[in-house]
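What follows is each chain in one-letter form.
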Amino acid sequence: MIYTITANPSIDYVIQLEKLNTGNVNRVQSDVKLPGGKGINVSRILAELALPSVALGFVGGFTGQFIQSKLNNASIDCRFTEVEEDTRINVKLKDNAEETEINGQGPHISAEAVANLKQQLAKLEAGDIVFMSGSLPPNLPASFYKDLIPLIQAHNAEFVIDTTGQALLDTLAEKPLVIKPNHHELAELFDTHFANQSEIIAAGRKLLDQGAQHVLVSMAGDGALLITPDHAYLGGTPKGTVINSVGAGDSMIAGFVGTFAQHHDALAAFKTSLACGSATAFSEDLATSAKINELLPQIEITQVD
Ligand SMILES: Nc1ncnc2c1ncn2[C@@H]1O[C@H](COP(=O)(O)OP(=O)(O)O)[C@@H](O)[C@H]1O
Ligand SMILES: O=P(O)(O)OC[C@H]1O[C@](O)(COP(=O)(O)O)[C@@H](O)[C@@H]1O
């Protein structure tokens, strides 16, 4: 079973404007409210791939209820821990020129709620995969996800952590199943700017050396690289119109983890991950199975090293 942990879920309130005029009254052209947060996005994409998952994390108030009802409608097994304060609302402002995101802080998480989540992990079984990602509510320690790793590994389960900076480096020795920095995040890890693809591949290999089992480097509209100790593969993006790229990264990692869990074939998993990422970028909400299947045959992968 794949478990997703979203410590700080959100309602993503996506607003389309012609032109954002700060300091003035703006009228929206269209708006949509979506269940959000990185682990939740992964569970939603897995459901589109017809793969079951269990969504864990903390939700509260009317916003938390909205998320649970949306996930129930998608037949996702939600086992969230209830907290007293409301789950946050993240505002995504999109005008014809750019996307601006305003992400909330999130509710207080009690010690009891944390203990409940840890008890849930006691039921893990060998071969399960636990996906952890997204920001932490303000009162949780920065080490929150890292501290869960021993609880996961005690059951011979695998983990995936989608984070950045030192927090990512700190988990590599524990052998995450896959990591997916985007190329900007990868450059920041090494305090550098990449001049060419070979430098990206070399940096990715350093993360393999430090313990990551698979390294994906996403590059938005330029696709992604799958870096292995011996080879590197470039996956392109299919033709399409970008509508809303929020959640493209989560979709990519969901596609990889879901397919890898089934077939243990990293290249097949890479192909699905590329279709999922672009299918989300080409949709208002996250990708649907129909959109993923439409794009899959268009994904081309080339060995570049
Ligand atoms: N503009 C786009 N056009 C086509 N595909 C995209 C676009 N943006 C993202 N994707 C797909 O989604 C993947 C993840 O997007 P990216 O923006 O790199 O991740 P993140 O959101 O984590 O920064 C990309 O590697 C690509 O496959
Ligand atoms: O937990 P954070 O870092 O505030 O991010 C949460 C936001 O990221 C998302 O999960 C989307 O993430 P990506 O665009 O990186 O895939 C949104 O659904 C959510 O609003």
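Because the structure is a prediction, the values reported are computed rather than measured.

What counts as what
Residues numbered from 1 in each chain as written. Chains lettered and ligands numbered in written order. Predicted model: local features only at pLDDT ≥ 70, side-chain atom pairs only at ≥ 80, totals over all residues. Heavy atoms only, no water. Helix = DSSP H or I, 4+ residues; strand = E, 2+ residues; numbered from the N terminus. Rg over C-alpha atoms; globule rule 2.2 N^0.38 Å. Buried < 20%, exposed > 50% of the residue type's maximum accessible area, 1.4 Å probe, protein only. Contact = heavy atoms within 4.5 Å. Areas by Shrake-Rupley, 256 points an atom, 1.4 Å probe, with all protein chains shown as cover. Lys, Arg positive; Asp, Glu negative; His and termini not counted. Charge placed at Lys NZ, Arg CZ, Asp CG, Glu CD. Axes fitted to C-alpha atoms, helices over the stretch in contact; angles between N-to-C directions. Parallel < 35°, antiparallel > 145°, perpendicular 65-115°, else oblique. Left-handed = near helix turned anticlockwise from the far one by under 90°. Nonpolar A, V, L, I, M, F, W, Y, C, P; charged D, E, K, R; others polar. Arc of directions from axis to C-beta. UniProt positions renumbered as here; feature names shortened; annotations may be inferred. Pairing = 2+ DSSP bridges. 1 Å grid on protein atoms, 1.4 Å probe; cavity = no way out; pocket = protein on both sides within 12 Å on 5 of 7 lines; lining within 4 Å. Points joined across faces, edges and corners; volume = space filled by probe spheres on them. Core = buried A, V, L, I, M, F, W, Y, C linked by side-chain atoms within 4.5 Å. Near = heavy atom within 4 Å. Polar contact = N/O pair within 3.5 Å; in protein donor to acceptor, adjacent residues only side chain to side chain. Phe/Tyr/Trp six-rings, centres within 6.5 Å; stacked < 30°, edge-to-face > 60°.

## Quick look at the overall build of the protein
At step 1: Broken down by element type, the protein carries 10 helices and 14 strands.
At step 2: In terms of overall size, the protein behaves like a compact globule, its C-alpha atoms giving a radius of gyration of 19 Å where 305 residues would be expected to give roughly 19 Å.
At step 3: A principal-axis box enclosing the C-alpha atoms of the protein has dimensions of 50 × 50 × 40 Å.
At step 4: Counting across all 305 residues of the protein, residues that qualify as buried make up 50%.
At step 5: In the protein, once contacts between residues fewer than 6 apart in sequence are set aside, the share between residues at least 24 apart is 67%.
At step 6: Of the accessible surface of the protein, which amounts to about 13900 Å², a share of 48% is contributed by carbon and sulfur atoms.
At step 7: Here the protein contributes 20 positively and 35 negatively charged side chains, and the mean placements of these two sets differ by 3 Å.

## Thoughts on the packing of helix α8 (residues 248–263) against helix α9 (residues 266–281)
At step 1: It is the contact of α8 with α9, at a shortest axis distance of 7 Å, that shows an interaxial angle of 150°. One finds that α8 runs roughly antiparallel with respect to α9. For the element pair α8 and α9, the recorded crossing hand is right-handed. Between α8 and α9, the residues in contact are Ala248, Ser251, Met252, Gly255, Phe256, Thr259 and Phe260 and Ala266, Ala268, Ala269, Phe270, Thr272, Ser273, Leu274, Cys276, Gly277 and Thr280, respectively.
At step 2: Taken together, the residues of the contact of α8 with α9 break down into 10 nonpolar, 7 polar and no charged.

## A word on helix α3 (residues 111–121)
At step 1: Those residues of α3 that fall on the buried side of the exposure criterion are Ala113, Val114, Leu117, Gln120 and Leu121. Projected down its long axis, α3 shows its buried positions confined to an angular sector of 115°, all on one face. Projecting away from the buried face of α3 at angles above 90 degrees are the exposed residues Ala111, Glu112 and Gln119.
At step 2: Elements in contact with the buried residues of α3: β1 (2–6), β4 (53–60), β6 (81–83) and α4 (144–153).

## A word on the UniProt feature "domain: Carbohydrate kinase PfkB" (unreviewed entry) in the protein
At step 1: UniProt feature "domain: Carbohydrate kinase PfkB" (unreviewed entry): in the numbering of this structure it lies at residues 8–289.
At step 2: Counting secondary structure, residues 8–289 comes out at 37% helix and 21% strand; the distance between its end C-alpha atoms is 26 Å.

## Structural notes on the sheet that holds strand β3 (residues 30–36)
At step 1: Pairing is mixed in the open sheet, where 4 strands are placed in the order β3-β2-β7-β8. What marks the edges here is a single partner per strand, and that holds for β3 and β8 (99–102). Neighbour-to-neighbour, the strand axes of the sheet open up by a mean angle of 20°, direction not taken into account.
At step 2: In the sheet, strand β2 (residues 10–16) pairs with β3 via 7 bridges, with the strands oriented antiparallel.

## Overview of the layout of surface pockets
At step 1: For the second largest pocket, the calculated volume is near 200 Å³.
At step 2: Looking at the lining of the second largest pocket element by element, the count peaks at 4 residues for α8.
At step 3: Here the residues of the lining of the second largest pocket are counted per class, giving 8 nonpolar, 4 polar and 2 charged.

## Looking at the nonpolar core
At step 1: Judged by nonpolar contacts, the single largest core of 34 residues is most densely connected at Val160 and Phe256.
At step 2: Here this core takes 8 residues from α9, the largest share from any one element.
At step 3: Leaving out residues up to four positions away in the same chain, Phe256 has contacts with Val178, His214, Leu216, Leu226, Ala266, Ala269, Phe270 and Ser273.
At step 4: Ranked by size, the runner-up nonpolar core spans 24 residues in total, among them Val54, Val114, Leu121 and Phe144.

## Examining the site of ligand 2
At step 1: In the vicinity of ligand 2, 17 residues are found, and the nearest of them are Asp12, Lys38, Lys92, Ser135 and Gly247.
At step 2: Gly37 places a main-chain nitrogen or oxygen 3.2 Å from an oxygen atom of ligand 2.
At step 3: Asn103 is positioned with one of its side-chain polar atoms (N or O) 3.1 Å from an oxygen atom of ligand 2.
At step 4: Contact with the protein chains removes 83% of the 480 Å² of surface that ligand 2 exposes when unbound.

## Examining the packing of aromatic side chains
At step 1: Under the defined criterion, the tally for this structure stands at 3 aromatic pairs.
At step 2: Pairing Phe256 with Phe260 gives two aromatic rings, centres 5.9 Å apart and planes at 5°, and the pair type is stacked. Residue Phe256 and its partner Phe260 are located together in helix α8, separated by 4 residues, close to a single helical turn.
At step 3: Classification of Phe260 by relative accessible area gives buried; the value is 9%.

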